[in-house]
Amino acid sequence: MYPFERYMMVCKGYVRNRARPEGCMAENYIAEEAVEFLAELLLEDKTTRIPYARDIVDSPASGAHVVSVYGNLFDQAHLCVLQNTNEFRSYFDEHLEFLKQNFPRFRNDQKWLTDKQNNTFADWVKQKASSKVVDQMSESAANIPKIVRWLSDKPSN
């Protein structure tokens with residue numbers, strides 16, 4: 001088989017729409033050239049062809065599946081975001097002092113304080129940052145950053 005015939009076989013493989021074979025050949029040739037160029041540029045491996053339709057699977061390659069988060073797991077995710085936001089550091093300290101004042105019996109029990117803080121912090125900071133409470137407080141308390149007000153509300157599902 002001559003090299004020209006081999007190349008024509010590759011070009012025939014590009015045809016997806018038999019009504020317009022030239023457009024399919026040109027489109028797929030350009031796509032393959034772009035993929036090969038980027039592969040040479042970004043990767044050390046060489047790409048030899050675009051995967052055929054029979055190689056493409058409709059499900060995710062990783063076998064991933066979508067999980068909906070509700071209830072306790074949702075609250076834990078929200079607390080994790082609050083704990084890892086620098087603007088909430090002072091609020092965590094203030095809430096810990098609030099718990100120590102309201103529950104003097106457990107003042108030295110670090111595990112109990114941590115559990116109680118994890119269970120009640122999101123609601124406490126939401127109440128503290130809400131506009132109704134801020135309006136009743138002094139003007140210095142009204143300087144709560146927007147990110148604190150925004151993140152203190154639990155996200156909607």
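To start, this report covers the structure provided alongside it. (Residues numbered from 1 in each chain as written. Predicted model: local features only at pLDDT ≥ 70, side-chain atom pairs only at ≥ 80, totals over all residues. Heavy atoms only, no water.)

When you go through the protein chain residue by residue, the secondary structure sums to seven helices and zero strands. Going from N to C terminus, the protein chain has its helices and strands arranged as α-α-α-α-α-α-α. Looking at the protein chain as a whole, 20% of its 157 residues qualify as buried. Long-range contacts, defined as pairs at least 24 residues apart, comprise 48% of the intrachain contacts of the protein chain with a sequence gap of at least 6. (Helix = DSSP H or I, 4+ residues; strand = E, 2+ residues; numbered from the N terminus. Buried < 20%, exposed > 50% of the residue type's maximum accessible area, 1.4 Å probe, protein only. Contact = heavy atoms within 4.5 Å.)

Time to look at the packing of aromatic side chains. In the structure shown here, the tally under the stated rule is seven aromatic pairs. Each ring, one from Phe88 and one from Phe121, has its centre 6.5 Å from the other, and the planes form 80°; the classification is edge-to-face. Of this pair, Phe88 sits in the loop between α3 (72–83) and α4 (89–102) while Phe121 is found in helix α5 (residues 110–129), placing the two residues 33 residues apart along the sequence. Taking the centre distance of 6.1 Å and the plane angle of 35° together, the rings of Phe98 and Trp124 count as tilted. Residue Phe98 is found in helix α4, and its partner Trp124 is found in helix α5; the two are separated by 26 residues along the sequence. (Phe/Tyr/Trp six-rings, centres within 6.5 Å; stacked < 30°, edge-to-face > 60°.)

The next thing to look at is the pattern of salt bridges. All chains considered together, the criterion is met by two salt bridges. The residue Glu94 makes a salt bridge to Lys128 at a minimum N-O spacing of 2.9 Å. Within this pair, whereas Glu94 is found in helix α4, its partner Lys128 is found in helix α5, the two being separated by 34 residues in sequence. For Glu94, a relative accessible area of 36% corresponds to the partly exposed category. (Salt bridge = Lys/Arg side-chain N within 4 Å of Asp/Glu carboxyl O.)

Turning our attention to α4. Along an α-helix, residues three or four apart share an orientation, since each turn contains 3.6 residues. Counted at 1.5 Å a residue, the expected span for α4 with its 14 residues is 20 Å, and the 20 Å between its end C-alpha atoms agrees. If you check which residues of α4 are buried, you get Tyr91, Phe92, His95, Leu96, Leu99 and Lys100. Tucked inside the fold, the buried residues of α4 contact α3, α5 and α7 (146–152). (Expected span 1.5 Å × (residues − 1).)

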